[in-house]
Amino acid sequence: MRTKLVLPALTEARSPFFRPVKYSLFPPLGLATLAAFLDPSDEVSLQDEHVEELDLDDDPELVGIEVYVTSAHRAYALADHYRARGAHVVLGGLHVTSCPEEAARHADTIVLGPAEEAWPRFLADFRAGRPRPAYRSEARTLAGLPRARRDLIRRDLYLVPNSLVVSRGCPHACAFCYKDGFFSGGRSFYVQPVEEALAEIERLPGRHLYFLDDHLFGHPAFAGALFDGMRGMDRLWQAAGTVDAVLRPGLLEKAVACGLRSLFVGFETLGAEGLRAQGKRQNLGRDYGEAVRRLHDLGVMVNASFVFGLDEDDASVFERTVEWAIRQGVETATFHVLTPYPGTELFRRMEADGRLLHRDWDLYDTRHAVFRPARMTPRQLEEGYWRAYRDFYRWGSILRGAATKPDLLGGLRHAAYAIGWKKCEPVWDLLIRARRVARALPLLERVLAAERHRVGAGAREAASRRRRGQRARSRERGAAAGTVPPAGFDRLPALGTGGPHRGAAARAEGVALFRQRPAGGARHRDRVAQDEVQDDPDRVRDEDREQRPQDAVHPAPPGVPEDVADEEHVGPEERHADEGEQEEGRHDEQRRAVSLREPGQQEEGAHEGGDGEADEGGGPPRPLRNEGKLPIEAAHTVLPSSGARRPSSVAAAPAVNHPAIT
Ligand code: B12
Ligand code: SF4
């Protein structure tokens, strides 16, 4: 059987003038997966229009086309072309699943959802001469799949030929994500058996890997076993993860130990309210600054993803977001205009509210405003989006970001990575046209590897910073409870041994507990505070919280059987797990210390968090953290506008994973 599989490109990727490198990054893994189900006797050609001219004069019997929203029109044109030539055309992929009626007008057969089980059924029917017009994914597993036909991929045309996915979907359910629509009617998060994933990694040549999983850390037992298995493979790899996964102790360290050097993190917004409306509660109250620090301390570069146009965003959101990212020393940032993909909850809401401007799918590319934003015009949104890119990647911004790194090597690595992606686009364009883009991979590997020897030191530094942070937080709590003197104050001798009760009683009676310390007393006060920590009930609760079962890395027998692994996330249980997390998020909202700062309070805010610097200064007691007393709605992030060397916690909003490099 003569079969052709095609990944059509969106218009921009075919430009005769300029080709962004992002379209030459990853090969069409989905189509290589489908090709594996063909018979060895079948003739098959796989073409990716992002990197090559399509040969449209051929004469296949069966044509399979992958359809994304942005390439839908092109995909339909190709489908019409091949149908006119007598081929049987099958359309599949995300957009077909979202808009089946639309796709069906251009296809002999459509396949809805992930196709590992439906595509072989179709092939059997097709060979038997009775193909049906539609197939829907009925069973979902990644166990025992035939090997993706990577031999059909022209590796030399991609910068990152070793892309792979070892899971499908994600344990979360966000209103703007493609995930729920695509995986509806079955499991929406499942993983490959660990041995099979490791075997695939072993087969991939070279050192560099890019995991395209929506949330590689989404199943801690699986991810832990995978990372353990990858130790000693001498890989360098990149992936995507959520803020909460980054903050969770243990797993990230394992990932770094087996080669993680750059992570795409969906920060999405610095305000809580917008993404709360999107149902992304799992990351609420998370400390974004701490997430970035944790990654950097472990030698992992950060590609921070942000989305603009949420209902709480006004025209100031662009500058605030960019400024925050630069100050955090984020190496690369990916900005998106909020885009209601068809099939998502967000799309349904926007449609019901009459906010969609059009359905020209070509423009649903996260660069155009396709809906009416709440607090700015569509034009302001688009202009702000482009301005954010320009501002973040200005030479001055890159240098400022690089200057946040603790040493020269870190700064150079930062600058090299950012410049490589965004300042060398003409060079990429040339390499792409000369079909030499793969030659740049060793360079990428060198940049990624640059900090490797620092990782041990980074981890130690991180641990000591955490300890200092714990002490600082305990002091704050102690101060609130009346047991520990605030910064710059000493305990009055007569009341020095009072516990929380005594402190509260004394406060109630208006008795002074502390006196301002004369200059030079910091060392003594630190000792006192450290002793007090032992009695601090809040601290115990804090530690408990860090070790809650749901936060802990589950014991991971290597080779977690997929079914067992999935039980935690599949079907109704998945929903429960999600709800559990959301519930947890709600509790966290109440319990976690959320930094509440108003403009003008930046200097204090800048001293909060892990590094404990604030307490070294003396002066009056600084504002205490919220301790959950104020509603989270009040916790809009206010970004530092000046002065702070390292802004810390931000009222966190949930993360979204849309893995892409730039
Ligand atoms: C890698 C990637 C890219 C790569 C290239 C794509 C490629 N080589 O396949 C690059 C960087 C170029 C890219 C660019 C863009 N991307 Co992109 N990308 C991805 C990513 C991270 C992984 C895709 C992947 O390999 N998945 C793994 C394989 C195994 O799955 P699959 O491709 O879906 O294939 C399975 C099924 O869909 C089905 N199937 C697929 N094709 C076919 C065909 C037939 C005939 C059949 C029967 C079945 C079938 O079977 C496969 C096995 O189950 C996804 C996120 C995701 N989780 O999918 C986003 C994603 C696809 N991208 C997205 C977007 C928006 C974009 C951009 C517009 C971003 C931008 N602002 O520029 C551009 C435009 C893309 C385009 N050409 O139109 C969205 C798409 C939304 C939508 N509804 O279509 C996604 C889902 C990200 C997101 N969460 O928003 N992307
Ligand atoms: S947006 Fe990200 S975290 Fe949310 S469901 Fe999608 S992949 Fe998961």
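Overview of the structure. Quick caveat: nothing in here was measured; it's all calculated off a predicted structure.

## Quick look at the site of ligand 1
Working step 1: Residues in close proximity to ligand 1 total 38 residues, the closest being Lys22, His50, Glu66, Thr70 and Thr366.
Working step 2: Within the contact set of ligand 1, a nitrogen atom lies 3.2 Å away from a backbone nitrogen or oxygen of Phe26.
Working step 3: In the environment of ligand 1, an oxygen atom lies 2.4 Å from a nitrogen or oxygen atom belonging to the side chain of Thr70.
Working step 4: For the shell around ligand 1, the secondary structure elements donating two or more residues are α1 (29-35), β3 (62-66) and β4 (88-92).
Working step 5: Looking at the shell around ligand 1 residue by residue, the class counts come to 22 nonpolar, nine polar and seven charged.

## Focus on the pairing of strand β12 (residues 260-268)
Working step 1: For β12, the tally of buried residues reaches nine of nine residues, placing the bulk of the element in the interior.
Working step 2: Pairing of strand β11 (residues 236-241) with β12, which is carried by five bridges, proceeds in the parallel orientation. Residue pairing in the sheet places Gln238 in a bridge with Ser262 of β12.
Working step 3: Note: β12 against strand β13 (residues 301-308), six bridges, orientation parallel.

## With respect to the pattern of salt bridges
Working step 1: One pass over the full model with this rule turns up 32 salt bridges.
Working step 2: In this structure, the salt-bridge partner of Arg379 is Glu383, at a minimum N-O distance of 2.9 Å. Taken as a pair, Arg379 and Glu383 lie in helix α15 (residues 378-392) at a separation of four residues, close to a single helical turn.
Working step 3: One salt-bridge network, held together by shared partners, links Arg2, Asp59 and Glu61.

## Description of the sheet that holds β12
Remark on secondary structure: sheet strands pair via backbone hydrogen bonds, oriented parallel or antiparallel.
Working step 1: Pairing within the open sheet is parallel, and its six strands lie in the order β7-β10-β11-β12-β13-β14. Every other strand in the sheet has two partners, leaving β7 (163-164) and β14 (332-337) as the edge strands with one partner each.
Working step 2: Here strand β10 (residues 208-211) pairs with β11 via three bridges, running parallel. Opposite Tyr210, over in β11, you have Gln238 as the bridge partner.
Working step 3: On the sheet, α15 packs against β13 and β14 and is oriented at approximately 175° with respect to β14.

## Focus on unusual backbone geometry
Working step 1: Residue Glu268 is not a glycine yet carries a positive backbone phi of 70°.
Working step 2: Within the secondary structure layout, Glu268 lies in strand β12.
Working step 3: Taking the relative accessible area as the measure of exposure, Glu268 reaches 2% and is therefore buried.
Working step 4: You will see that Thr366, though not glycine, has its phi angle at about 65°, which is positive.
Working step 5: Note on placement: Thr366 falls in the loop between α14 (345-352) and α15.
Working step 6: Exposure remark for Thr366: the relative accessible area of 14% places this residue in the buried category.

Thresholds, definitions, all that
Residues numbered from 1 in each chain as written. Chains lettered and ligands numbered in written order. Predicted model: local features only at pLDDT ≥ 70, side-chain atom pairs only at ≥ 80, totals over all residues. Heavy atoms only, no water. Near = heavy atom within 4 Å. Polar contact = N/O pair within 3.5 Å; in protein donor to acceptor, adjacent residues only side chain to side chain. Helix = DSSP H or I, 4+ residues; strand = E, 2+ residues; numbered from the N terminus. Nonpolar A, V, L, I, M, F, W, Y, C, P; charged D, E, K, R; others polar. Buried < 20%, exposed > 50% of the residue type's maximum accessible area, 1.4 Å probe, protein only. Pairing = 2+ DSSP bridges. Salt bridge = Lys/Arg side-chain N within 4 Å of Asp/Glu carboxyl O. Contact = heavy atoms within 4.5 Å. Axes fitted to C-alpha atoms, helices over the stretch in contact; angles between N-to-C directions.

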